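Commentary on secondary and tertiary structure
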Amino acid sequence: MGEGAFGTTYIAIDTKLPGEPKCVIKQLLIEENKCQADSLFKNINYFKEEAKILFQIKHPQIPKLLGYYEENLCSVQEFIEGKTLWEEFQEQQNFEEDAIWEVLESLLPVLEFIHDQKDYQIIHRDIGLKNIIRRNVDQKLVLIDFGLAKQIEINSYVPISIKQNYGNYPLPNRKVTEPSLDFYSLGALCFHLLSGMDPDYYRIRQEECNEDGSNWTFGWRSQLYNNSISDNLFDVIDKLLRNIYKSAKEAYEEVVCVRKIQQLSLAVTNWTYESISEHNYAVCALAITSDNKLLISGDQEGNINLWNLLDKKLLYSPQTQKESISINSIAVSPDANKFVSAGSGVINLWDLETKPSKLLCKSDNKVGVNALAFHPKGDFIACAGHRTINLWLSDITRIVRTFYAYENNYPDDYSQEDDYDDYTTYFISCINFSPCGRLLAAGLSIANKYGENELGNNIKIWDIYSENMFRLPAHASPVKSVVFSPDGNTLASGNYDGTIKLWDVRTRKATRTIQEHIDSVCALAFSSDGQILASGDNKGIIQLWCPYNGRRLECFKEHTDAINSLVFSTDSKTLVSASSDGYIMIRQRD
């Protein structure tokens, strides 16, 4: 297949396996007259150790090491059938910007993987067009030629933790950290694909013009035709070339963030809206079935309406029990066969397969129900009272677990007046399950009769299986809404003071604070693709945000009173809002 300074590569077949699959044999060549015996012995040992390390690497974009034969100084690797980037480059010449983004999105996770091994930090040191193959079977980029002959020098072996200056793109004369060798090579590769010019050739040409060739990374954009890349891509490549990134993870996260923002700028356009109203009172709760066919709404007087979401027409209104005065919350089962509604203590489970919906079961939660949430797998229904959250079986026949939101573990029917002269108020205002169903978040509010909340307002998150709990830092004002992002890594919270906070669930730290609402943020919703965060406030204003940079995308002011509920359809194309003005607004985008 090829021959280089350190070895020869052969294509072979494995006759002992069914189908005789192809494999690759790489043989290390060391000329004994160029090495002392002790150096040769060391090189053989290093070669063997590198083979062991590569055998431990299990990644779908790295060829598997299938065998090592010390007596022949050769290794056997998985054969990757496809074209190298060099072959693609020869066919189409300069790559377009989207193709460069694809290279970065595909290879940075591989670098993160090899740089962050548990026992080793492996630096590839030879990233280049000929060492990246687009695999035919799935079109993914595969990084090849790992640390075998290319990691061994003839006279002495240099460990992977020491800086190297050889490879497809030799590093200019400047000190860098070891992982930056790979970052530099990846950035140089991107320049090569964009400009059609080998970076080393560009550097030599600068030196011939009496310029400092080591500084080529400061003027590389001028070599592109009409500077034909976006500022975002320029910034990423420039950081790779100039040793700005501290890790592959940092670089990859920036690439993902930029790409999502770019896609979002195309997606958030041409919103149209239509208002519907069959409610004579404030609409407090909304839910959309997972098939995007039905919209369910509940109002302040205990009325429930079911709508055809496609033509916005009212289908029917199930007969509710008047002891459930206000419908504070509605939740739909993941299979779209049932929904649950609740208000002042009564939980009703409805059958969506019958028309009109039939009441399947009714349970008493003893005190008012502030919020409901169906478990993502349909196993449970979480029901939030003032100070406790009951986890019911999905048929609401039995409570299987109770979570206490406050340290004293008082039940919801406990009289606070017995212990507090200032009549401190405890309140769970909102709950939400993580997409995997393991975590349950609750927004809490504590205040006394003077409206003060110096006792703290915070968010608690429980593991519903282990019952372990952790708390996010206290807010300056009551928490009105919480919602997990679709990937479960971010939690958004809306506060009484009009702020929105985005939390990293893993680190439990706030990553962003948005302060654009002039009144309480009463409702939040993530689009199913995670690209939009919608917020609604007490003045009836709805705003759409990019969760990656906090930039406002849209602002809607059709409602005249508080936004009580927001919900996206599962295809992220429809946003429905419910307001105390009695109207439901259905917004759709192309």
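Residues numbered from 1 in each chain as written. Predicted model: local features only at pLDDT ≥ 70, side-chain atom pairs only at ≥ 80, totals over all residues. Heavy atoms only, no water.

Let us look at the nonpolar core. Formed by 51 residues in total, the largest nonpolar core has its most connected members in Leu85, Ile100, Leu104, Leu111, Leu189 and Leu193. At the level of secondary structure, the elements contributing two or more residues to this core comprise α1 (37-56), α2 (85-92), α3 (97-115), β8 (141-143), α4 (178-195), α6 (231-241) and α7 (248-267). With ten residues, α3 is the largest single contributor of residues to this core. If sequence neighbours within four positions are ignored, Leu85 has contacts with Phe95, Val103, Leu129, Ile132, Arg134, Leu141, Leu189 and Leu193. Membership of the second largest hydrophobic core comes to 19 residues, among which are Leu391, Leu440, Ala442 and Ile446. (Core = buried A, V, L, I, M, F, W, Y, C linked by side-chain atoms within 4.5 Å. Buried < 20%, exposed > 50% of the residue type's maximum accessible area, 1.4 Å probe, protein only. Helix = DSSP H or I, 4+ residues; strand = E, 2+ residues; numbered from the N terminus. Contact = heavy atoms within 4.5 Å.)

The strand order across the open sheet formed by four strands is β9-β36-β35-β34, and the pairing between neighbours is antiparallel. Two strands bound the open sheet, and with one partner strand each, they are β9 (272-276) and β34 (563-568). Across the sheet, the mean angle separating the axes of adjacent strands is 20 degrees when strand polarity is ignored. With five bridges joining them, β9 and strand β36 (residues 584-588) adopt antiparallel strand pairing. The partner of Glu274 across the bridge, within β36, is Ile586. (Pairing = 2+ DSSP bridges. Axes fitted to C-alpha atoms, helices over the stretch in contact; angles between N-to-C directions.)

The next point concerns the environment of Ser341. Residue placement: Ser341 occurs in strand β15 (residues 338-342). In this structure, Ser341 is in contact with Ile304, Ile327, Ser329, Ile330, Val346, Ile347, Asn348, Trp350 and Leu372, ignoring residues within four places of it in sequence.

Quick look at the pairing of strand β18 (residues 371-374) now. When a strand is regular, its side chains alternate between the sheet's two faces. Burial along β18 is two-sided: the residues Ala371 and Ala373 and Leu372 and Phe374 are all buried. Across four bridges, the pairing between β18 and strand β19 (residues 380-384) is antiparallel. Within the sheet, the bridge partner assigned to Leu372 lies in β19 and is Cys383.

It is worth spelling out the pattern of salt bridges at this point. Here the structure, examined in full by the defined rule, presents 16 salt bridges. Here Glu91 and Lys83 are joined by a salt bridge, their closest N and O atoms 2.7 Å apart. Of the residues examined, Glu91 reaches a relative accessible area of 54% and is grouped as exposed. For Arg506, the salt bridge identified is with Asp504, shortest N-O distance 3.7 Å. Overall, Arg506 belongs to the exposed group, its relative accessible area being 58%. Accessibility expressed as a relative area gives 16% for Asp504, which makes it buried. When salt bridges with common partners are traced through the structure, they connect Glu88, Glu102 and Arg134 into a single cluster. (Salt bridge = Lys/Arg side-chain N within 4 Å of Asp/Glu carboxyl O.)

Let us now look at the sheet that holds strand β6 (residues 82-84). The three strands are arranged β6-β7-β8 in an open sheet whose pairing can be described as antiparallel. Unpaired on one side and paired on the other, β6 and β8 mark the two borders of the sheet. Strand-to-strand twist across the sheet, computed as the mean angle between neighbouring axes with direction ignored, equals 35 degrees. Here β6 runs beside strand β7 (residues 132-135); their pairing, made up of three bridges, is antiparallel. Within β7, the position partnered with Lys83 by the bridge is Arg134.

Moving on: the environment of Lys573. Examined against the element boundaries, Lys573 turns out to sit in the loop between β34 and β35 (574-579). Taking relative accessible area as the criterion, Lys573 reaches 43% and is therefore assigned partly exposed. Remark: the alpha-carbon pair of Lys573 and Trp271, spanning 302 residues in sequence, is separated by 9.2 Å.

Our next topic: the confidence of the model for the protein chain. For the protein chain, mean pLDDT is 82; residues scoring 70 or higher make up 79% of the total. In the predicted structure, residues 414-423 sits below a pLDDT of 50 and forms 16 contacts with residues beyond four places in sequence or in another chain. Counting interchain partners and residues more than four positions distant, the pLDDT-below-50 stretch residues 450-455 has ten contacts. (pLDDT = per-residue confidence, 0-100.)

For the structure shown, the criterion picks out six aromatic pairs. Judged by centre distance (6.2 Å) and plane angle (90 degrees), the rings of Phe191 and Trp220 are edge-to-face. One end of the pair, Phe191, is in helix α4; the other, Trp220, is in the loop between α5 (199-208) and α6, and 29 residues separate them in sequence. Here the aromatic rings of Trp271 and Phe556 are separated by 6.1 Å at their centres, their planes lie at 65 degrees, and the arrangement is edge-to-face. Here Trp271, found in the loop between α7 and β9, pairs with Phe556, found in strand β33 (residues 552-556); they are 285 residues apart in sequence, far enough to count as distant. Like Phe556, Trp271 is buried. Taken together, the ring pairs in this structure connect Phe191, Trp220 and Phe234 into an aromatic cluster. Note that Lys130 overlies the ring of Trp86, its terminal NZ or CZ placed 5.3 Å from the centroid. Arg508 extends its terminal NZ or CZ atom over the ring of Phe470, reaching a point 4.0 Å from the ring centre. (Phe/Tyr/Trp six-rings, centres within 6.5 Å; stacked < 30°, edge-to-face > 60°. Lys NZ or Arg CZ within 6 Å of the ring centre and 35° of its normal.)

As a further point, take α6. Those residues of α6 lying buried are Leu233, Phe234, Val236, Ile237, Asp238, Leu240 and Leu241. Looking at the residues trailing α6, positive phi occurs at Asn243, about 60 degrees.

Restricting attention to buried positions, one finds in α2 the residues Leu85, Glu88 and Phe89. Taken around the axis of α2, the buried residues stretch over an arc of 100 degrees, which confines them to a single face. Backbone geometry just downstream of α2 places Gln93 in the positive-phi region, at approximately 60 degrees. (Arc of directions from axis to C-beta.)

Attention shifts here to the environment of Asp463. If you trace the backbone, Asp463 turns up in strand β24 (residues 457-463). For the pair Asp463 and Arg438, spaced 25 residues apart in sequence, the C-alpha to C-alpha distance is 5.6 Å. Engagement of the side chain of Asp463 in a polar contact is seen with the backbone nitrogen of Ser466, the distance being 3.1 Å. (Polar contact = N/O pair within 3.5 Å; in protein donor to acceptor, adjacent residues only side chain to side chain.)

Here we come to the pairing of β35. With respect to burial, β35 is a largely interior element, six of its six residues being buried. Of the two faces of β35, the one holding Thr574, Val576 and Ala578 and the one holding Leu575, Ser577 and Ser579 are both buried throughout. Judged from the five bridges that link them, β35 and β36 form a sheet pairing that is antiparallel. Within the sheet, the bridge partner assigned to Thr574 lies in β36 and is Gln588. Linkage of β35 to β36, two consecutive antiparallel strands, is achieved through a turn of four residues, within which Gly582 is found at a positive phi near 90 degrees.

Moving on, we get to the side chain of His59. Take His59: it is sitting in the loop between α1 and β4 (65-69). Polar side-chain contacts of His59 include one of 3.0 Å to the backbone nitrogen of Gln61. Setting aside its immediate chain neighbours within four residues, His59 contacts Pro109, Val110 and Phe113.

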